[in-house]
Amino acid sequence: MPPAPPLSPVTVVIDRHDDVIHTRTALAAHHLPSGRITLHPGPGTTSETGLAHDLLATLGKPPLLTGRFPAGRQPAWEAAAAWMTALPVTRLTVLRAHRLTTRRIMRLLELRALTGIHLTLVCHRPHLPAALHQALRTADYSLTTDLDAARRHYYGTPVTESPLADEPAGPTGPWLTLPALERLISYDSPRPCTDPCTPPPIIWRHRPPPAPLTAHTAQRVAHRLHAATAHPRLAAAIAAALFTGASLQQLATARPHDYDTAAATLALHDRARYTDGCAAHPVPPWASVFLQATACFTRLVSGEDQELLAAPGDRAHLLRVAETAKLRPPQPPAARRQGPVGRVEWDWRERQEAERYEARPARRVSPSRR
């Protein structure tokens, strides 16, 4: 890998009179598609995790990171770093930096070192407070009091852009019914390969490939997944299910090395051939951001030997995220429903297959073969 480019110095903007124009200008420059985000820390908290939640909210994510975690620790900073790397974010402006504790500022500096972002801290005081001065001893930084310079070089130019015309700001609205999710809850049970395995490209022998999403549907799915969860693994698992048609058990066989960013492929394993064996699936462009985020997240949290995507134990969280995003498989007719109206039935296709299998007449054996 080529060496990482050198980090740019931290910029500290001194807003000596706490002029509202600084805050308005920085907030107006927030534009995630351009790689610029502005963080306005929530008042009344000094916890490092609380600041990470504020950062996730700035990235358009739910501030709480739901899911299973070792020892109950929420890896919120790792999730924020993963999303910032994948989206990608190049500039982070932090307002009210004079109120941050030394540990919170150090967290931001660690995030800068990890992601390579340009970090701008806005101090709404005439002088640096002690906590900010102490933290900046570990980093190169420059000071400016010029609002025009801050606007041109650090905050960014305000951008006005309307959201998707038919897609609300959050994961609400009508359900998207996606046949590729039919096998997410499946009875198959493949396991990851323990020996080195380089799977060939997928050849669909025993089941049809999932229909590719149209550009419009892919945009809506991505928009909803981004807004539904801050957990990279859960978002990536749902995205992978849509382009592989795989079950959660098979998705859980993927490890970080199974995602090839250069070839844009994701390898899933199935040595017992419950489905189509070990195979590499092409990753469509709309899903790559989710795979990149979970690859970074997994390396930061647990290393190369852990699941890249959601594990079978994450099933309840995974289905909750899908339903929050209003994504579901085809549903049974009203007369065949087993649950109350309005509840998503994820195993409808599996029940159909089991019923057809049970209804097949037993094959008679001729007397000569008895």
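Note: the structure precedes this text.
I will try to describe carefully the structure that is included in this document. Since we're looking at a predicted model, the values are computed, not measured. (Residues numbered from 1 in each chain as written. Predicted model: local features only at pLDDT ≥ 70, side-chain atom pairs only at ≥ 80, totals over all residues. Heavy atoms only, no water.)

1. Topic: the overall build of the protein
Which entries qualify depends on this criterion: The secondary structure listing takes helices from DSSP runs of H or I that are at least 4 residues long and strands from runs of E that are at least 2 residues long, numbered from the N terminus. For each residue, the accessible area found with a 1.4 Å probe, counting protein chains only, is set against the maximum for its type, and the residue is called buried under 20%, exposed over 50%, and partly exposed in between. Any two residues having at least one pair of non-hydrogen atoms within 4.5 Å are treated as being in contact. Working definition of accessibility: Shrake-Rupley area with a 1.4 Å probe, residue cover restricted to the visible protein chains. In this charge count, Lys and Arg are treated as positive and Asp and Glu as negative; neither His nor the chain ends contribute. To locate a charge, take atom NZ for lysine, CZ for arginine, CG for aspartate or CD for glutamate.
In terms of helices and strands, the protein carries 12 helices and 10 strands. With the C-alpha coordinates of the protein rotated into their principal frame, the extents come out at 100 × 45 × 35 Å. The buried share of the protein, reckoned over its 370 residues, is 48%. Within the protein, contacts between residues separated by at least 24 positions form 77% of all contacts whose residues are at least 6 apart in sequence. Of the roughly 18700 Å² of accessible surface on the protein, a fraction of 54% belongs to carbon and sulfur atoms. Side-chain charges in the protein split into 43 positive and 31 negative, and the spacing between the mean points of these groups amounts to 4 Å.

2. Brief notes about the side chain of Lys61
Looking at the element boundaries, Lys61 is found in the loop between α2 (48-58) and α3 (76-86). Ignoring any residue separated from it by four or fewer positions in sequence, one finds Lys61 in contact with Leu56, Trp83, His226, Thr229 and Ala230.

3. Things to note about the sheet that holds strand β9 (residues 279-282)
So the rule is basically this: DSSP calls a pair of strands paired once it identifies at least 2 bridges connecting them.
Strands sit in the order β7-β8-β9 across an open sheet of three strands; the sheet is antiparallel. Edge positions in the sheet fall to β7 (259-260) and β9, since each has one partner strand and no second. As judged from the two bridges shared by β7 and strand β8 (residues 265-268), these two strands associate in the antiparallel manner. Residue pairing for β8: Asp260 is matched across the bridge by Thr265.

4. Remarks on the nonpolar core
What counts, and what does not: Among the buried residues, those of types Ala, Val, Leu, Ile, Met, Phe, Trp, Tyr and Cys that are joined through side-chain atoms within 4.5 Å form a nonpolar core.
Counting 89 residues, the largest nonpolar core has Leu92, Leu121, Leu266, Phe290 and Leu309 as the members making the most contacts within it. The element best represented in this core is helix α8 (residues 232-244), accounting for 10 residues. Judged by nonpolar contacts, the second largest core, of nine residues, contains Ala26, Ala29, Leu95 and Val122.

5. Regarding helix α6 (residues 147-155)
Under the convention used in this document: As used here, the arc belongs to the directions running from the helix axis to the C-beta atoms. Counting of polar contacts relies on pairs of N or O atoms within 3.5 Å, with two restrictions inside protein: one atom must be capable of donating a hydrogen and the other of accepting it, and residues adjacent in sequence are counted only when both atoms are side-chain atoms.
Residues Leu147, Ala149, Ala150, Tyr154 and Tyr155 constitute the buried set of α6. Down the axis, α6 shows its buried residues gathered within 145° of arc, on one side only. One side-chain oxygen at the N-terminal end of α6 lies 2.9 Å from the backbone nitrogen of Asp148; it belongs to Asp146.

6. Side note on the environment of Thr46
The topology assignment puts Thr46 in the loop between β2 (36-39) and α2. You can call Thr46 exposed: its relative accessible area is 57%. With 54 residues separating them along the chain, Thr46 and Leu100 place their C-alpha atoms 7.2 Å apart. Filtering out sequence-adjacent residues up to four positions away, Thr46 remains in contact with Thr101 and Arg104.

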